[in-house]
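Analysis of the macromolecular model
Residue strings, one per chain:
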Amino acid sequence: MGIGIGVIGAGIMGADHARIIAAEVARARVVAIADPDRGRAEAAAAASRGARIAADAQALIDDPAVDAVVIASPDAAHAGHTLACIAAGKPVLCEKPLAPTLPEARAVLAAEAAGGRRLVQVGYMRRFDPGYGAMREGLAGGGLGAALMLHCVHRNAAAPAWFTPAMAVTNSLVHEIDAARWLLGREVAAIRVLGGRAGGPLLAILEMAGGALVDVEVFVNAGYGYEVRAELVCQAGTLTLARPAATEQRADGRQSAAVAADWRPRFAAAYRRQLQAFVDAVEAGTTAGASAWDGLAATAVADAGVRALASGDGIAVELPPRPAFYGGAD
Ligand code: ISE
């Protein structure tokens, strides 16, 4: 039968996670879906044979058939639902960000540590993308020397009307914040954010502990499609994410390649591998990917980034000491 998974939230991400689990993840099945919009819940359940519609998130978490939970509710609800999963002792994959604010993230870490068992995986799925993985392996190989800079571009085709400039930081830029921490193995020491007004592009500069610099263009209304780029500049060479297009077409004197419509097709392999790693970890009684500490660190940087966006100043990132429960020294 495999791992019974409950999915909280049947919007874009929840529906896609449910579809991927049903169609592509081994030894797991979706057994329950919760969403305040019953029509959305039923549509997502239709793609997951036999999934029940739970009355609400807590009923889903309490369902004895639910062994593990995927949280894909609105960002503001992530920490609360994660705390409920921890209280129930159920492993949880929480979509990014773990929490919109540092206090909420701290509460999650305190609850997980108090329970004495790592249960939380945060959905920074680029860690499972083959291209980002190859970039990290290339750097770790040592032949290129130390990383000096990381140039990033993160473009969405269009953002909804309710998507604020601050969300371009807390909801979009967080991917590069986590990717930089993961690729470089360093924390972010300071952040500066320029632009980002009226849906226009923003430019973020991350100063990493150890001196490496990261620049990120985030443009959530790029219009032409969804595109993510990354180039790592090292002492003795560079590593660049390859263009993900499956084919390039040459016809009528022109050369063209498709551009993804959004993050789901662009990172399809990453989402599938992230969910499979989650199921494998649940079976093994461990966790995979980004931990709650990684979630807190990304939220702390994004929190500083929102203040930097408002002020135009460089803002130092204040991180609490990394708890021993998460491999830290304290
Ligand atoms: C969205 O929530 C995602 O997580 C996508 O990966 C990201 O590219 C997009 O900017 C976010 O809004």
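None of these values were measured; they are calculated from a predicted model. (Residues numbered from 1 in each chain as written. Predicted model: local features only at pLDDT ≥ 70, side-chain atom pairs only at ≥ 80, totals over all residues. Heavy atoms only, no water.)

Moving on, we come to the state of the cysteines. Enumeration according to the criterion identifies 0 disulfides in this entry. Cys85 provides the cysteine sulfur closest to Cys94, a residue in no disulfide bond, and the two sulfurs are 8.5 Å apart. Not engaged in a disulfide, the cysteine Cys234 finds its nearest cysteine sulfur in Cys152; these two sulfurs lie 13 Å apart. (Disulfide = S-S within 2.5 Å.)

Next up on the list: the sheet that holds strand E12 (residues 237–240). With respect to topology, 7 strands assemble into an open sheet ordered E12-E11-E7-E10-E9-E8-E15, the strand pairing being mixed. In this open sheet, the two strands that pair with only one neighbour each are E12 and strand E15 (315–316). Against the sheet, helix H6 (residues 130–140) engages strand E7 (147–155), strand E11 (227–234) and E12, with an angle of about 5° to E11. Those strands touched by helix H10 (residues 292–311) are strand E8 (188–195) and E15, and its axis lies near 40° from that of E8. (Pairing = 2+ DSSP bridges. Helix = DSSP H or I, 4+ residues; strand = E, 2+ residues; numbered from the N terminus. Contact = heavy atoms within 4.5 Å. Axes fitted to C-alpha atoms, helices over the stretch in contact; angles between N-to-C directions.)

Next up on the list: the layout of surface pockets. Size it by volume and the largest pocket reaches roughly 840 Å³. Around the largest pocket sit 37 residues that line it, and Ile12, Met13, Asp75, Trp162 and Asn171 are the ones nearest its centre. Elements represented by at least two residues in the lining of the largest pocket include exactly helix H1 (12–24), helix H4 (78–88) and helix H7 (165–184). In terms of residues, the lining of the largest pocket owes the most to one element, H7, which gives 4 residues. A breakdown of the residues in the lining of the largest pocket according to their chemical character gives 20 nonpolar, 11 polar and 6 charged. When its volume is computed, the second largest pocket comes out at roughly 470 Å³. Residue lining of the second largest pocket: 20 residues in total, with Arg243, Pro244, Ala245, Ala258 and Arg266 positioned closest to the centre. Residue assignment for the lining of the second largest pocket shows that the elements contributing at least two residues are E11 and helix H8 (263–266). Among the elements that make up the lining of the second largest pocket, the one with the highest residue count is E11 (4 residues). Residue composition of the lining of the second largest pocket, by class: 14 nonpolar, 2 polar and 4 charged. (1 Å grid on protein atoms, 1.4 Å probe; cavity = no way out; pocket = protein on both sides within 12 Å on 5 of 7 lines; lining within 4 Å. Points joined across faces, edges and corners; volume = space filled by probe spheres on them. Nonpolar A, V, L, I, M, F, W, Y, C, P; charged D, E, K, R; others polar.)

Turning our eyes to something else, we now look at the sheet that holds strand E1 (residues 3–8). If you trace the 6 strands from one edge of the open sheet to the other, you get E3-E2-E1-E4-E5-E6, paired in parallel fashion. Among the strands making up the open sheet, the edge pair consists of strand E3 (52–53) and strand E6 (120–123). Inspection of the sheet shows strand E4 (residues 68–71) paired to strand E5 (residues 92–95) by 3 bridges, in the parallel sense. Note on E5: the bridge partner recorded for Val69 is Val92.

Further remarks concern a nonpolar patch on the surface. Residues Leu148, Met149 and Leu213 make up a contiguous nonpolar surface patch of roughly 220 Å² in combined accessible area. Its place among the elements puts Met149 in strand E7. Judged by relative accessible area, Met149 falls into the partly exposed class, the value being 35%. (Patch = residues over 30% accessible without salt bridge, like charges linked within 9 Å, V, L, I, M, F, W, Y side chains within 5 Å. Areas by Shrake-Rupley, 256 points an atom, 1.4 Å probe, with all protein chains shown as cover. Salt bridge = Lys/Arg side-chain N within 4 Å of Asp/Glu carboxyl O. Buried < 20%, exposed > 50% of the residue type's maximum accessible area, 1.4 Å probe, protein only.)

The alternating pattern of E4 places Ala68 and Val70 on one face and Val69 and Ile71 on the opposite face, and all of these are buried. As judged from the 4 bridges shared by E1 and E4, these two strands associate in the parallel manner. Its bridge partner being in E4, Val7 is matched across the sheet by Val70. In terms of handedness, the path from E4 via H4 over to E5 forms a crossover that is right-handed. (Right-handed = clockwise from strand over helix to strand, strands pointing away.)

Taken together, Lys96, His154, Asn156, Asn171, Ser172, His175, Tyr226, Trp263 and Tyr271 make up the full set of residues near the ligand. With respect to the ligand, the side chain of Asn156 contributes an N or O atom lying 2.9 Å from an oxygen atom. Burial of the ligand by the surrounding chains reaches 92%, relative to a free accessible area of 300 Å². Placement of the ligand is best described as lying within the largest pocket. The element contributing the most residues to the shell around the ligand is H7, with 3 residues. (Near = heavy atom within 4 Å. Polar contact = N/O pair within 3.5 Å; in protein donor to acceptor, adjacent residues only side chain to side chain. Sits in = over half its atoms within 2 Å of the grid points.)

With that out of the way, let us pick up the pattern of salt bridges. Applying the stated rule across the entire model yields 21 salt bridges. For Arg38, the salt bridge is made with Glu42, and the minimal N-O distance between the two is 2.9 Å. Here Arg38 pairs with Glu42, and both are found in helix H2 (residues 38–46), just 4 residues apart, close to one helical turn. For Arg38, a relative accessible area of 49% gives the class partly exposed. A relative accessible area of 40% places Glu42 in the partly exposed class. Linking Arg250 and Glu248 is a salt bridge whose minimum nitrogen-to-oxygen distance equals 3.5 Å. By relative accessible area, which is 58% here, Arg250 ends up exposed. One salt-bridge network, in which partners are shared between bridges, spans Arg127, Asp178, Arg181, Glu187 and Asp294.

With that settled, consider the environment of Pro320. With respect to the element layout, Pro320 can be found in the segment after E15. We classify Pro320 as buried; its relative accessible area is 16%. For Pro320, the contacting residues outside a window of four places in its chain are Arg106, Trp293 and Leu296.

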